[in-house]
Amino acid sequence: MSNYEIETKCIQSGWEPKNGEPRIMPIVQSTTFKYGSSDEMGALFDLEKEGYFYSRLANPTNDWVAKKICDLEGGYAAMLTGSGQSANFYAVFNICEAGDHFISTSAIYGGTFNLFGVTMKKLGIDVTFVEPDATKEEIQAAFRPNTKCIFGETIANPALVVLDIEKFADIAHENGVPFIVDNTFATPINCRPFEFGVDIVTHATTKYMDGHAMTVGGCIVDSGNFDWTKYADKFPGLTTPDESYHGVVYTDKFGKMAYIQKATAQLMRDLGSVQSPMNAFLINIGLETLHLRVPRHCENALKVAQFLESNEHVAWVNYADLPNNKYHQLQQKYMPNGTCGVISFGLKGDRNTAVAFMDNLKMISIVTHVADARTCVLHPASHTHRQMSDEQLVEAGVQPDLIRLSVGIENVNDIISDIKQAMEKVKDFAKVKS
Ligand SMILES: *Cc1c(COP(=O)(O)O)cnc(C)c1O
């Protein structure tokens, strides 16, 4: 399907039925697969023969959906995972082991920040966080002899920083390591990181790809462009024998498939964060309309951001699609059709003003989620970061008044009306208080 336009890929990639097969992708709801002989099964276990044998490692439905996402990104190979968290963990852990080090931008999803800074440290893998706006020299200074990759997010959740992708890709390659990015917020509709030198892309399919807040899931896509054998000493997991598979060398046996093959055969086998085929089916339905939904999310978000910007009660608005935004130039370069539907803003007042505003919203709901069809809000100071004082929040890069608004695909006038009526109530609230 690689010659088709992205809209067509959303619909047609992945499951391609042969004569007489179902038109709609089947849900292969089976843990296991039957073979005629013991030898045949043995060959599968030795990675000598291609095929399915147990759904913890691989399942046909999951693979058809992974193939679609791979096509959308313009990648070479892909796999689904049980969540965005496991996608990011596997993507890094596949090439880092105890004693290794990697570099990540500091503007990343809170869950990933914790995974890297706390849990992976406990596994003996050290991370250095660098500012996304750091100079090349500053990033270079973070490199150590045991550094194995750089990680970033194309648009950071929730900071909404647009990453200078080429800057990081160049430095990674100058140092002989791959550049991995989480492309969850932009989606391949708005940004295809491989075109700017990224080697591996991850997704929380939980967000726009699913698009309806139904399923938690993740995906890893490999461009196939990074030459592991050129830096064989750095990546022994890929370039030396894997004793748990009778000494197979992934790069020798699987070539450009090596990275995804290792993550499947080794990490999925041992850690088992699999996607369920039923959920993969639901993700696929979401993917079919991704090219319609993402532009509408962006169109609505821009109108809401413009409304907020011109409103007297609003202290600040952060949305890279606005011309005066610090990241607008980068947005124009890397995702000229728009970033995503998520914006953040602050109301004049304090934490309590934000809470009062949110409590007065009628249609827009307060949920721990972003990037689905329904408009929703979250106030990090009262929710995800509630243990922190105002000072600690600022240190963590979260303003105490920050409201994260995930703009959905309802009629934008209804979204703006709801915001307006809640603001009116906040004014009343402030009067009553003073
Ligand atoms: C939500 C999210 C994740 C984690 O995904 P889960 O499916 O919740 O595990 C990772 N990265 C980004 C950018 C996210 O928004």
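Residues numbered from 1 in each chain as written. Predicted model: local features only at pLDDT ≥ 70, side-chain atom pairs only at ≥ 80, totals over all residues. Heavy atoms only, no water.

Student: Any chance you could explain the site of the ligand here in plain terms?
Tutor: For the ligand, the set of nearby residues contains 15 residues, the closest of which are Gly84, Gln85, Asp182, Thr206 and Lys207. Within the side chain of Asn157, one N or O atom sits 2.9 Å away from an oxygen atom of the ligand. One nitrogen or oxygen atom from the side chain of Lys207 is found 2.6 Å from an oxygen atom belonging to the ligand. Sort the elements by how many residues they give to the shell around the ligand and helix α4 (residues 84-93) lands first, with three residues. Considering only residue class, the shell around the ligand consists of four nonpolar, eight polar and three charged. (Near = heavy atom within 4 Å. Polar contact = N/O pair within 3.5 Å; in protein donor to acceptor, adjacent residues only side chain to side chain. Helix = DSSP H or I, 4+ residues; strand = E, 2+ residues; numbered from the N terminus. Nonpolar A, V, L, I, M, F, W, Y, C, P; charged D, E, K, R; others polar.)

Student: Sorry if this is basic, but what is going on with the nonpolar core here?
Tutor: If you look at soluble globular proteins, the nonpolar side chains tend to sit buried side by side. Core analysis: the biggest nonpolar cluster contains 90 residues, and Phe179, Val304, Phe357 and Ile419 have the highest contact counts within it. With eight residues, the single largest contributor to this core is helix α13 (residues 290-309). With residues up to four places along the chain from it excluded, the contact list for Val304 reads Ile343, Leu405, Val407, Val412, Ile415, Ile416 and Ile419. In terms of nonpolar packing, the next biggest core, distinct from the first, is built from 40 residues, Cys96, Ile200, Ala265 and Leu267 among them. (Core = buried A, V, L, I, M, F, W, Y, C linked by side-chain atoms within 4.5 Å. Buried < 20%, exposed > 50% of the residue type's maximum accessible area, 1.4 Å probe, protein only. Contact = heavy atoms within 4.5 Å.)

Student: Hey, could you run me through the packing of α4 against helix α11 (residues 258-271) in this one?
Tutor: When two helices pack together, their arrangement is given by the angle between the helix axes and by the axis-to-axis distance. Between α4 and α11, the least distance of the axes is 10 Å, while the angle of their chain directions is 115°. Both α4 and α11 take part in a crossing whose hand is right-handed. Contacts from Phe89, Tyr90, Ala91 and Phe93 in α4 reach Tyr259, Leu267, Met268 and Leu271 in α11. Tallied by class, the residues present in the contact of α4 with α11 amount to eight nonpolar, no polar and no charged. (Axes fitted to C-alpha atoms, helices over the stretch in contact; angles between N-to-C directions. Left-handed = near helix turned anticlockwise from the far one by under 90°.)

Student: Would you explain the environment of Tyr259 in this entry?
Tutor: Within the element layout of this structure, Tyr259 appears in helix α11. Between the C-alpha atoms of Tyr259 and Asp270, which are 11 residues apart in sequence, the distance is 16 Å. Ignoring sequence-local partners within four residues, the contact set of Tyr259 consists of Tyr90, Ala91, Asn94, Ile95, Ile200, Ile220, Asp222, Trp228 and Leu238.

Student: For this particular structure, what's the right way to read the sheet that holds strand β8 (residues 314-318)?
Tutor: Whether parallel or antiparallel, the strands of a sheet pair through hydrogen bonds between backbone atoms. Across the sheet, which stays open at both edges, the five strands sit in the order β8-β9-β12-β11-β10 with mixed pairing between neighbours. The open sheet has two edge strands, β8 and β10 (365-366), and neither has a second partner. Where strand β9 (residues 342-347) meets strand β12 (residues 402-406), five bridges bridge the pair, whose relative direction is antiparallel. In the sheet register, Gly346 faces β12, and the bridge partner there is Leu402. The sheet contacts of α13 involve β8, β9 and β12, and relative to β9 the element is tilted by about 15°. (Pairing = 2+ DSSP bridges.)

Student: It is not clear to me how the packing of aromatic side chains should be interpreted in this structure. Could you clarify?
Tutor: Two aromatic rings are characterised by how far apart their centres lie and by the angle between their planes. Tallying each qualifying case throughout the model produces 17 aromatic pairs. Taken together through their ring pairs, the aromatic side chains of Phe226, Trp228, Tyr231, Phe235 and Tyr259 make up a single cluster. The ring of Phe254 has Lys253 lying over it, and the distance from NZ or CZ to the ring centre is 6.0 Å. (Phe/Tyr/Trp six-rings, centres within 6.5 Å; stacked < 30°, edge-to-face > 60°. Lys NZ or Arg CZ within 6 Å of the ring centre and 35° of its normal.)

Student: Any chance you could explain the pattern of salt bridges here in plain terms?
Tutor: Oppositely charged side chains can pair when the atoms bearing their charge come close. Per the counting criterion, the structure on display carries 16 salt bridges. Asp126 is the partner of Arg144 in a salt bridge, and the nearest nitrogen-oxygen pair spans 3.2 Å. Highlighted residues: Arg144 in the loop between α6 (136-141) and β4 (147-153) and Asp126 in strand β3 (residues 126-130), separated in sequence by 18 residues. The network of salt bridges with shared partners includes Lys121, Asp126 and Arg144. (Salt bridge = Lys/Arg side-chain N within 4 Å of Asp/Glu carboxyl O.)

Student: Which parts of the structure should I look at to understand α11?
Tutor: Residues separated by three or four positions in an α-helix point in the same direction, a consequence of the helix having 3.6 residues per turn. Taking 1.5 Å of rise per residue, the 14 residues of α11 would be expected to cover 20 Å, and the 18 Å separating its terminal C-alpha atoms lies within 8% of that figure. α11 sits mainly inside the fold: 11 of its 14 residues count as buried. Once α11 ends, the next one or two residues include Gly272, with phi positive near 65°. (Expected span 1.5 Å × (residues − 1).)

Student: Where do I start with the environment of Ile150 in this structure?
Tutor: Assignment of secondary structure puts Ile150 in strand β4. We classify Ile150 as buried; its relative accessible area is 0%. Between the C-alpha atom of Ile150 and that of Thr105, which follows or precedes it by 45 residues, the distance is 8.0 Å. The residues touching Ile150, leaving out its near neighbours within four places in the chain, are Ile103, Ile139, Phe143, Phe168, Ala172, Val177, Pro178, Phe179 and Ile180.

Student: Would you mind going over unusual backbone geometry with me for this structure?
Tutor: Glycine aside, a negative phi is what most residues show, and trans is what most peptide bonds show. The amide bond that connects Asn157 to the next residue, Pro158, takes the cis arrangement and shows omega of 5°. Tracing the backbone through its elements, the reader meets Pro158 in the loop between β4 and α7 (165-174). With a phi angle near 60°, Leu47 is a residue other than glycine that sits in the positive phi range. Positionally, Leu47 belongs in the loop between α2 (38-45) and α3 (60-73). Even without being glycine, His246 reaches a positive phi, approximately 50°. On the secondary structure map, His246 appears in the loop between α9 (236-239) and α10 (250-254). We classify His246 as exposed; its relative accessible area is 66%.

Student: What's the story with the side chain of Asn318 in this structure? I'm lost.
Tutor: Among the secondary structure elements, Asn318 is positioned in strand β8. We classify Asn318 as buried; its relative accessible area is 17%. From its side chain, Asn318 meets the backbone oxygen of Ala159 in a polar contact 3.0 Å long. Among the polar contacts made by the side chain of Asn318, one reaches the side chain of Asn325 at a distance of 2.9 Å.

Student: I tried to follow the side chain of Asn183 on my own but got confused; where do I start?
Tutor: With respect to the helices and strands, the residue Asn183 is situated in the loop between β5 (179-182) and α8 (187-190). Of note is the side chain of Asn183, whose polar atom sits 2.8 Å from the side chain of Thr154. If near-sequence neighbours (up to four positions away) are discounted, Asn183 is found in contact with Glu73, Thr154, Pro188, Cys191, Pro193, Val201, Thr202 and His203.

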